[in-house]
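Understanding the architecture of this molecule
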Amino acid sequence: MKITEINITELHLFRENPFKVRKDDAFDSLIESISIDGIYEPLIVCPDKDEGGYIIVSGQRRFEAAKTAGLKTVPAVVHDMDKDKMIIAIVDNNICSRDILPSEKAFGYKLKMEALSHQGTSRQVGEKWSVSQISEASNDSERQIHRYIRLTNLILELLNLIDEGKIAFSVGVELSYLDEEKQYVLLGLIEELDCTPSYAQANRMHKNFLSGMLSDDSIAEMMSTDKPNQRPVYKVSAERLSQFIKPDTSPKQAEEFIIKACDHYAKFLKRQRNRDAR
């Protein structure tokens, strides 16, 4: 294995790479480590025959940390591979990450499926064969992989809500069957009503859309219906709380204050009931 020092300006990411680098505490520690000791594990890159330089196949996080640390060159192993092999390698190097987002997994699986489809023989070609190959190399079943790929049909705003944990994965799969126009109608209602659809509501939208029965009004009617499995959300204006909570209090601190106040009041009521019962 030949390791080459490559100028950092010659390296870049694959244009369709869906995977992002988390700028968290671990990333800050990596920057500090690279600043002091350099990079121990070389990057894997391949020549970019279209734009020149090299495409990063493995080591995106180390590359970003090295740039931030101010390194001029990084150690790398150069592999000459075609586009499809490169895509498969990029996805395989990232898909098992513990903190990967649903959107990253969705577009990663889609990229790999398309690359594998190009490599199929005359007897083994197409999406079904490709998804079967992906499943063998991952922890997800073929059905789950199909469900992830469905998410790529969502508008960016809804996909972001899934990444943020505000819409469940299973709900997102159902909503992916709606066209873009109906998804934007739903997004407007989510923002207006400050709530997201339940699985039952999303499934109903999916079925009604496929049967041609989903209208803007019916989406609004569904979203206005109380969800039996959803806990109520209680809202108190900041103005009413201002006499108890300082303006510079963080949302987390405010929440803790309110919980403690409620706990204190509940204990007070319990003591009152005990006195009244005597």
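In what follows, the structure referred to is the one given above.
Thresholds, definitions, all that
- Residues numbered from 1 in each chain as written.
- Predicted model: local features only at pLDDT ≥ 70, side-chain atom pairs only at ≥ 80, totals over all residues.
- Heavy atoms only, no water.
- Salt bridge = Lys/Arg side-chain N within 4 Å of Asp/Glu carboxyl O.
- Helix = DSSP H or I, 4+ residues; strand = E, 2+ residues; numbered from the N terminus.
- Buried < 20%, exposed > 50% of the residue type's maximum accessible area, 1.4 Å probe, protein only.
- Core = buried A, V, L, I, M, F, W, Y, C linked by side-chain atoms within 4.5 Å.
- Contact = heavy atoms within 4.5 Å.
- Phe/Tyr/Trp six-rings, centres within 6.5 Å; stacked < 30°, edge-to-face > 60°.
- Lys NZ or Arg CZ within 6 Å of the ring centre and 35° of its normal.
- Expected span 1.5 Å × (residues − 1).
- Polar contact = N/O pair within 3.5 Å; in protein donor to acceptor, adjacent residues only side chain to side chain.
- Arc of directions from axis to C-beta.

Quick look at the pattern of salt bridges now. Counted by the stated rule, this structure contains 11 salt bridges. Among the salt bridges present, the one from Lys-67 reaches Glu-64, with a minimum N-O distance of 3.7 Å. In this pair, Lys-67 and Glu-64 both sit in helix α2 (residues 60-69), three residues apart, roughly one turn of the helix. Judged by its relative accessible area of 42%, Lys-67 falls in the partly exposed class. For Lys-166, the salt bridge identified is with Glu-164, shortest N-O distance 3.3 Å.

The next point concerns the nonpolar core. Ranked by internal contacts, the top residues of the largest apolar core, which has 49 residues, are Met-86, Leu-151, Leu-158, Met-205 and Met-223. Excluding its chain neighbours within four sequence positions, the residues that come into contact with Met-223 are Leu-186, Leu-189, Ile-190, Leu-193, Cys-195, Thr-196, Pro-197, Gln-201 and Met-205. The next biggest cluster of nonpolar side chains, apart from the first, holds 16 residues, and it includes Ile-6, Val-21, Ile-39 and Phe-63.

Let us now look at unusual backbone geometry. Residue Asp-194 is not a glycine yet carries a positive backbone phi of 55°. Summarising the element assignment, Asp-194 is placed in the loop between α9 (180-193) and α10 (199-210). Of the residues examined, Asp-194 reaches a relative accessible area of 52% and is grouped as exposed.

Before going further, it helps to spend a moment on the packing of aromatic side chains. Here the structure, examined in full by the defined rule, presents three aromatic pairs. Between Tyr-265 and Phe-268, the aromatic rings sit 6.1 Å apart at their centres with planes inclined by 25°, giving stacked as the arrangement. Placement of the pair is Tyr-265 and Phe-268 together in helix α13 (residues 251-277), with a separation of three residues, close to one helical turn. Through a chain of ring-to-ring contacts, the aromatic side chains of Tyr-109, Tyr-148 and Phe-169 assemble into a single cluster. The cationic tip of Arg-150 hangs over the ring face of Tyr-177; the distance from NZ or CZ to the ring centre is 3.8 Å.

The end-to-end C-alpha distance of helix α3 (residues 83-94), which contains 12 residues, comes to 17 Å, matching closely the 16 Å that a straight helix rising 1.5 Å per residue would cover. When we look at burial in α3, the residues that qualify are Asp-84, Met-86, Ile-87, Ile-88, Ala-89, Ile-90 and Val-91. With a side-chain oxygen lying 3.2 Å from the backbone nitrogen of Asp-84, the N-terminal cap of α3 falls on Asp-82.

With that settled, consider α9. Look at α9: 20 Å from first C-alpha to last across 14 residues, which is about the 20 Å you get at 1.5 Å a residue. Among the residues making up α9, those that are buried are Lys-182, Gln-183, Leu-186, Leu-187, Leu-189 and Ile-190. The buried residues of α9 all sit within an arc of 165° when viewed along its axis, so they share a single face. Counted as exposed and oriented over 90 degrees from the buried face of α9: Glu-180, Glu-181, Glu-191 and Glu-192.

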